[in-house]
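Close look at the chain arrangement
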Amino acid sequence: MRFLRRKITIIIILAYSIFSLYAAYNVFFNKRVISRVHRVVKKGYVIIDNGKAGEEEWNPWEEDERAYSLIQQKRRDAFRSYQEHAAKNKPKTYKVQIWGKAAIGLYLWEHILEGPLNPQDKSSQWREGEVQSGKINFSFYTGPAVVQGHVSLDTDSVVLVLNGREQQKISYSIQWLQHVQGLVQMHSVSRVAVVLLGNEQCNNDWISPYLKRHGGFVDLLFLVYDSPWVNDKDIFQWPLGVATYRHFPVVTLSGQMVKTARPYLCNFLGTMYKNSSRETLMGVLKQNGLEKDCLMHVREKWLPQETADTSRQYQMALAQSDLTLCPVGVNTECYRIYEACAYGSVPVVEDVLTPGACAAGNRSPLRLLKDAGAPFIFLKDWRELPAVLQREREMSQEEKTERRMRVLEWYGGLRQQMKDKFTEVLEDGFFKTT
């Protein structure tokens, strides 16, 4: 019995010794294998809330988060680079205000630039609109309520549309020029152009001192009629256009109206001046019995405004005639030429120079229209008219329709050409674009 207890004691002591040795080996010699999930790494000390130093606990997703953060940063940098590239390559736009203080401003805005006007009521005291052409955003203001000092400026570039036909109009235009000159002196405006309905004898010396070439502030001048000043550098010729002061509309013709036979060979509705070529024209028509072929209505006195009835009568005459007779007035260029084109009625133009200081030469009169290839019938004398009308009688309807289409297409092309020229001249003259 005693031997058995001794044996058990020895076994227990031996087992304890073996376990102690194994434990000591694992503590002092064996490397501990710890999984990623349970591993705790000492990363240095941090300050915890109670002010004592503590150890920072390792974040098992730190590497993944760092990689994701780098990807996000690269995406942000790429997007920022794209935005900078897009901004750098985006076409730069400019702002120009047009102040329409003459009726030809409506021809520029509605017929050339094809801009909208609000309100649409023509009797409104204040009308305005915006349109983009090329790199320029145009704003247009017109009406009796558009007065000096009451147009809000959001640009330093201004186009003034003025009338210089007679002394009263010139005095009014000078007031506007002086107002703009004050804005230039205050550095509110730095670029100025003028669209001017010039004098019909091309006597426009009154505006000369305001031109930059003569020490003034007007950079560019667009001038109606064949002025010898035109150089296509800082002075450009501008078309007279339609009589917007009589509310002549922007005409839209249907295909049927273009192709349909018209009841009259020609028309002339206008004022009869004593000792003018218009008397010669009427005499030729009467002597040759041509009055029945043409729609004629003459009056003895010129009227600045039309009634609704006379305006409708005039537009119907254009729409119902193959030809529109255009005798000279004070100047060869007249509203009737453009109004006939708008209805596809071929202008028959008296191609003679009128008295005054306008440019002479092979290209004048109507230099601008001839250079654009105007498909008109040009006569030096109204006694040539009977032969012209005889050829009209011999033309087929198909030939007349084709010719009508050529006139309409040419007139549309002229307006587009003037729009492009106006825009490009302002871009180069105001903003030096390339």
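Above this text you will find the structure in question.
Quick caveat: nothing in here was measured; it's all calculated off a predicted structure.

Under the criterion given, the structure shown has 16 aromatic pairs. With a centroid separation of 4.1 Å and an interplanar angle of 10 degrees, the aromatic rings of Tyr 94 and Phe 431 are classed as stacked. Of the two residues, Tyr 94 sits in strand β3 (residues 94–100) while Phe 431 sits in helix α11 (residues 397–431), which places them 337 residues apart along the sequence. Both residues of the pair, Tyr 94 and Phe 431, belong to the buried class. Among the aromatic residues, ring-to-ring pairing joins Phe 138, Phe 222, Phe 236, Trp 238 and Phe 422 into one connected group. The ring of Phe 378 carries the charged tip of Lys 370 above its face, separated from the ring centre by 5.4 Å.

Attention shifts here to the nonpolar core. Membership of the largest hydrophobic core comes to 82 residues, with the highest contact counts inside it found for Ile 98, Phe 138, Phe 222, Phe 422 and Leu 426. Here this core gets 10 residues from one element, more than from any other, and that element is α11. Setting aside its immediate chain neighbours within four residues, Ile 98 contacts Leu 108, Trp 109, Leu 113, Phe 138, Ser 139, Phe 140, Tyr 141, Val 159, Val 161 and Phe 422. With 25 residues, the next largest nonpolar core counts Leu 160, Leu 177, Leu 183 and Trp 206 among its residues.

Here 5 strands make up an open sheet; going across it, the order is β11-β10-β12-β13-β14 and the pairing parallel. Among the strands making up the open sheet, the edge pair consists of β11 (294–299) and β14 (377–379). Across the sheet, the mean angle from the axis of one strand to that of its neighbour is 20 degrees, orientation sign disregarded. Across 4 bridges, strand β12 (residues 321–326) lies against strand β13 (residues 346–350) in parallel orientation. Looking across to β13, one finds that Thr 324 is bridged to Pro 347.

The next point concerns the side chain of Thr 332. Turning to its location among the elements, Thr 332 is positioned in the loop between β12 and α8 (335–342). Here Thr 332 falls in the buried class, since its relative accessible area comes to 2%. When neighbours within four sequence positions are excluded, Thr 332 is seen to be in contact with Ile 337, Val 349, Glu 350, Val 352, Leu 353, Thr 354, Pro 365 and Leu 366.

Let us look at helix α3 (residues 104–112). Buried residues dominate α3, accounting for 8 of its 9 residues. Ile 104, Gly 105, Leu 106, Tyr 107, Leu 108, Trp 109, His 111 and Ile 112 are the residues of α3 that are buried. One or two steps after α3, the chain reaches Glu 114, where phi turns positive at roughly 55 degrees.

To continue, consider the state of the cysteines. Counted under the stated rule, the structure contains 2 disulfides. Here Cys 202 connects covalently by a disulfide to Cys 358, the sulfurs 2.0 Å from one another. The sign of the 90 degrees torsion about the S-S bond sets the Cys 202-Cys 358 disulfide as right-handed. Placement of Cys 202 in the loop between β7 (191–197) and β8 (220–224) and of Cys 358 in the loop between β13 and α9 (367–371) is noted, with a sequence separation of 156 residues between them. In this structure, Cys 202 and Cys 358 share a single accessibility class: buried. The disulfide partner of Cys 266 is Cys 294, and the S-S distance across this bridge is 1.6 Å.

Here the focus is the environment of Leu 385. Its location among the elements puts Leu 385 in helix α10 (residues 385–394). Sequence separation of Leu 385 and Val 348 is 37 residues, and the distance between their C-alpha atoms is 8.9 Å. When near neighbours in sequence (up to four residues on either side) are disregarded, Leu 385 contacts Leu 281, Leu 285, Leu 325 and Leu 379.

Orientation of α8 relative to α11, taken along the N-to-C sense of each, is 120 degrees, at an axis distance of 8 Å. Between α8 and α11, the interaxial angle falls into the category oblique. Between α8 and α11, the residues in contact are Tyr 338, Cys 341 and Ala 342 and Val 407, Leu 408, Trp 410, Tyr 411 and Leu 414, respectively. Grouping the constituent residues of the contact of α8 with α11 by class yields 8 nonpolar, no polar and no charged.

Another point: helix α4 (residues 167–185). Its 19 residues give α4 an end-to-end C-alpha distance of 27 Å, which sits within 8% of 27 Å, the value for a rise of 1.5 Å per residue. Within α4 the residues assigned to the buried category are Ile 170, Ser 173, Trp 176, Leu 177, His 179, Val 180 and Leu 183. Looking at the buried positions of α4, the neighbouring elements they touch are β3, β6 (157–163) and β7. Residue His 187 follows α4 closely and has a positive phi angle near 65 degrees.

For the pair α3 and α11, the least separation of the axes is 10 Å and the interaxial angle reads 110 degrees. Relative to α11, the element α3 is oriented roughly perpendicular. On α11, the residues touching Tyr 107, Leu 108, His 111 and Ile 112 of α3 are Tyr 411, Arg 415, Met 418, Lys 419 and Phe 422. Among the residues making up the contact of α3 with α11, the classes are represented as 6 nonpolar, 1 polar and 2 charged.

This brings us to the pattern of salt bridges. Under the counting rule described, the total for this entry stands at 15 salt bridges. A salt bridge links Asp 293 to Arg 393; the nearest nitrogen and oxygen atoms lie 2.6 Å apart. Taken together, the residues span a long stretch of sequence, with Asp 293 in the loop between α6 (277–287) and β11 and Arg 393 in helix α10 at a distance of 100 residues. Overall, the relative accessible area of 38% leaves Arg 393 in the partly exposed class. Here the salt bridges do not stand alone but share partners, grouping Asp 322, Lys 400 and Arg 404 into one network.

The rules behind the values
Residues numbered from 1 in each chain as written. Predicted model: local features only at pLDDT ≥ 70, side-chain atom pairs only at ≥ 80, totals over all residues. Heavy atoms only, no water. Phe/Tyr/Trp six-rings, centres within 6.5 Å; stacked < 30°, edge-to-face > 60°. Helix = DSSP H or I, 4+ residues; strand = E, 2+ residues; numbered from the N terminus. Buried < 20%, exposed > 50% of the residue type's maximum accessible area, 1.4 Å probe, protein only. Lys NZ or Arg CZ within 6 Å of the ring centre and 35° of its normal. Core = buried A, V, L, I, M, F, W, Y, C linked by side-chain atoms within 4.5 Å. Contact = heavy atoms within 4.5 Å. Pairing = 2+ DSSP bridges. Axes fitted to C-alpha atoms, helices over the stretch in contact; angles between N-to-C directions. Disulfide = S-S within 2.5 Å. Parallel < 35°, antiparallel > 145°, perpendicular 65-115°, else oblique. Nonpolar A, V, L, I, M, F, W, Y, C, P; charged D, E, K, R; others polar. Expected span 1.5 Å × (residues − 1). Salt bridge = Lys/Arg side-chain N within 4 Å of Asp/Glu carboxyl O.

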